[in-house]
Amino acid sequence: VDAFQAWCGPCKTAVDLFQKIRNEVGSNLLHFAVAEVDSIDALEGYRGLCKPVFLFYTEGELVAVVRGLNAPLLRRTILEQL
């Protein structure tokens, strides 16, 4: 989940990265979503950050968090979680 604030919008670079990885590993394994933290109370703790935050969930449980757009770290985290 790309957790973003309305004033900066979702991270387009990350969307491209996730789509590329999804094409490599298969669409059934990886799902990507964006969430505006200003309108979701459960994500209130992510408000006020000036960099993207990526939340990784498995079976409804938060399993990893990556702060900032670090493509190698995002890729490694995705592949480790799969």
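Right, let's walk through the structure included here. What you see is a predicted model, and the numbers here were worked out from it, not measured in a lab. (Residues numbered from 1 in each chain as written. Predicted model: local features only at pLDDT ≥ 70, side-chain atom pairs only at ≥ 80, totals over all residues. Heavy atoms only, no water.)

## Digging into the overall build of the protein
- On a plain count of helices and strands, the protein comes out with two helices and four strands.
- For the protein, the sequential pattern of α-helices and β-strands runs β-α-β-β-β-α.
- Its C-alpha atoms give the protein a radius of gyration of 12 Å, near enough to 12 Å, the size a compact globule of 82 residues would have.
- Along the three orthogonal principal directions, the C-alpha set of the protein runs to about 35 × 25 × 20 Å.
- Sorting the 82 residues of the protein into buried and exposed places 29% on the buried side.
- Long-range pairs, those at least 24 residues apart, make up 49% of the contacts in the protein between residues at least 6 apart in sequence.
- Split by element, the accessible area of the protein, about 5,300 Å² in all, is 51% carbon and sulfur.
- Of the side-chain charges in the protein, 8 are positive and 10 negative, and the distance between the mean point of each set is 9 Å. (Helix = DSSP H or I, 4+ residues; strand = E, 2+ residues; numbered from the N terminus. Rg over C-alpha atoms; globule rule 2.2 N^0.38 Å. Buried < 20%, exposed > 50% of the residue type's maximum accessible area, 1.4 Å probe, protein only. Contact = heavy atoms within 4.5 Å. Areas by Shrake-Rupley, 256 points an atom, 1.4 Å probe, with all protein chains shown as cover. Lys, Arg positive; Asp, Glu negative; His and termini not counted. Charge placed at Lys NZ, Arg CZ, Asp CG, Glu CD.)

## A closer look at the side chain of Thr 77
- Among the structural elements, Thr 77 can be located in helix 2 (residues 71-81).
- In this structure Thr 77 comes out as buried when scored by relative accessible area, which is 9%.
- Beyond its immediate sequence surroundings of up to four residues, Thr 77 is in contact with Phe 56, Ala 64 and Val 66.

## What to know about the packing of helix 1 (residues 12-25) against helix 2
- As a packed pair, helix 1 and helix 2 sit with axes 11 Å apart at the nearest point and diverge in direction by 35°. The hand of the helix 1/helix 2 crossing is right-handed. Along the contact surface, helix 1 presents Leu 17, Phe 18, Ile 21, Glu 24 and Val 25, while helix 2 presents Ala 71, Leu 74, Arg 75, Ile 78 and Leu 79. (Axes fitted to C-alpha atoms, helices over the stretch in contact; angles between N-to-C directions. Left-handed = near helix turned anticlockwise from the far one by under 90°.)

## Some points on the pattern of salt bridges
- Counting across every chain of the model gives three salt bridges.
- Of the charged contacts, one joins Glu 24 and Arg 75 as a salt bridge, the two residues approaching to 2.7 Å between their closest N and O atoms. Taken together, the positions of Glu 24 in helix 1 and Arg 75 in helix 2 put the pair 51 residues apart, joining distant regions of the chain.
- Taking the relative accessible area as the measure of exposure, Glu 24 reaches 43% and is therefore partly exposed.
- Judged by its relative accessible area of 28%, Arg 75 falls in the partly exposed class.
- The partner of Asp 41 in a salt bridge is Arg 47, with the nearest N and O atoms 3.8 Å apart.
- The exposure class assigned to Arg 47 is partly exposed, which follows from its relative accessible area of 27%.
- Residues joined in a network through salt bridges with shared partners are Asp 41, Glu 44 and Arg 47. (Salt bridge = Lys/Arg side-chain N within 4 Å of Asp/Glu carboxyl O.)

## Notes on the nonpolar core
- Listed in full, the twelve residues of the largest apolar core are Cys 11, Ala 14, Leu 17, Phe 18, Ile 21, Leu 30, Phe 54, Phe 56, Ala 64, Val 66, Leu 74 and Ile 78.
- Mapped onto this core, the elements with two or more residues apiece are helix 1, strand 3 (53-58), strand 4 (61-67) and helix 2.
- By residue number, the principal contributor to this core is helix 1, which donates four residues. (Core = buried A, V, L, I, M, F, W, Y, C linked by side-chain atoms within 4.5 Å.)

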